[in-house]
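One letter stands for each residue in the lines below.
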Amino acid sequence: MNRRVVFVAALLSSGCFHPPEIVLVDRATALEQEASGSFGDVEARLDRAAIEPRPVPLTAEQLAALGVAPSPIVDGGLTDADRLDGLLVQHCVGEGNDGFVVDTPDACHGAADPDEVRTLVERLNRSRRQLFRWMHEQRPAVSVDEMRRSWRAVHAAGIVCGGWVETDDGKWQGKAC
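Here the structure is a predicted model, which is why all the values come from computation and not from measurement.

Some details on the state of the cysteines
Per the stated rule, a full pass over the model turns up 2 disulfides. Sulfur-sulfur distance for the disulfide between C92 and C108 comes to 1.8 Å. Of the two residues, C92 sits in the loop between α5 (80-90) and β1 (93-95) while C108 sits in the loop between β2 (101-103) and α6 (114-138), which places them 16 residues apart along the sequence. Residue class for C92 comes out buried when judged on its relative accessible area of 2%. Two residues share a disulfide in this structure: C161 and C177, whose sulfurs sit 1.8 Å from each other. Residues C161 and C177 are joined by a disulfide whose S-S torsion is about -115°; by sign, that bridge is left-handed. Pair noted here: C161 is in the loop between α7 (144-156) and β3 (164-166) and C177 is in the segment after β4 (172-174), with a separation of 16 residues, a long-range link. A relative accessible area of 47% places C161 in the partly exposed class. The connectivity of the disulfide-linked cysteines in the protein chain, indexed sequentially, is 1-2, 3-4.

Quick look at the packing of α6 against α7
Where α6 contacts α7, the axes come no closer than 10 Å and their chain directions differ by 120°. Considering the relative orientation of α6 and α7, their crossing is right-handed. From α6, R128, L131, F132, M135 and H136 reach across to α7, where they touch V144, M147, R148, W151 and H155. Here the contact of α6 with α7 is composed, by residue class, of 6 nonpolar, 2 polar and 2 charged.

Thoughts on the side chain of T104
Within the fold, T104 resides in the loop between β2 and α6. Setting aside its immediate chain neighbours within four residues, T104 contacts H91, C92, V93, G94, W164 and W172.

Things to note about the environment of P105
Tracing the backbone shows P105 in the loop between β2 and α6. When its relative accessible area of 56% is taken as the criterion, P105 is described as exposed. Spatially, the C-alpha atoms of P105 and C92 are 5.2 Å apart, while their sequence positions differ by 13 residues.

So, the nonpolar core
Among the nonpolar cores identified, the biggest contains 12 residues, and these are L84, L87, L88, C92, V93, V101, V117, L120, V121, L124, I159 and V165. At the level of secondary structure, the elements contributing two or more residues to this core comprise α5 and α6. Per element, the largest residue contribution to this core is 4 residues, and it comes from α6. In this structure, V101 is in contact with L84, V93, G94, E95, V121, L124, N125 and R128, ignoring residues within four places of it in sequence. Counting residues in hydrophobic clusters, the runner-up holds 6 residues, among them F100, F132, M135 and W151.

About the cut-offs
- Counting of residues starts from 1 at the beginning of each chain's written sequence and follows it residue by residue.
- Two thresholds apply to this predicted model, a pLDDT of at least 70 for residue-level local features and 80 or more for giving and counting side-chain atom pairs, whereas whole-chain, interface and lining totals are computed over all residues.
- Side-chain figures throughout are based on the complete set of non-hydrogen atoms in the structure, without hydrogens or water.
- In what follows, a disulfide is any cysteine sulfur pair within 2.5 Å.
- Per the convention used, a helix needs a DSSP run of H or I reaching at least four residues, while a strand needs a run of E reaching at least two, with both numbered from the N terminus.
- Here the term buried applies to any residue with accessible area under 20% of the maximum for its type, exposed to any over 50%, and partly exposed to those in between, with areas from a 1.4 Å probe on protein chains only.
- The axes used here are C-alpha line fits, helices contributing only the stretch in contact, and every angle between their N-to-C directions lies in the interval 0 to 180 degrees.
- In this scheme the handedness of a crossing depends on how the near helix is turned from the far one: anticlockwise by less than a right angle means left-handed, clockwise means right-handed.
- Every residue pair with non-hydrogen atoms within 4.5 Å of one another is taken to be in contact.
- Under this grouping Gly is polar, as are all residues other than the nonpolar Ala, Val, Leu, Ile, Met, Phe, Trp, Tyr, Cys and Pro and the charged Asp, Glu, Lys and Arg.
- In this text, buried Ala, Val, Leu, Ile, Met, Phe, Trp, Tyr and Cys residues form a nonpolar core when linked through side-chain atoms within 4.5 Å.

Spelled out as structure tokens, the structure:
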């Protein structure tokens, strides 16, 4: 029996029996990759784009539903009109008879930066000059002075209570409400 085992082992080791040669290729050629749509750089860019943070467009209604309040349009939350009302009440500026804002530092109560007040007065008066010029272009038959007087009469109703205003005789006083 031992001889038979030795004989079978000798036959197997003699080379009569060989396993088949199988060649496996796991990489395709560049042409095959291109034809199959394998674009490494394009895929990498798409992967990076998928993970890059970016804002999600939401409407004002969607933000309100989430409880997010919009940020103020103006820094500090105060507009020029708000600042003007505060300075009118402090008597740092006044509404003149001619329809322009006047800097009145001698009557000022409280703290106010003179440079900021001057800048605000210049900006407001420039805006009002543009308004008067536009109004005169719309109605050239009416004089600029008459237009300013009628505008001031309407505007005076909206001046904040206690605001510093010039009277007809040129004196300054707080607006009574």
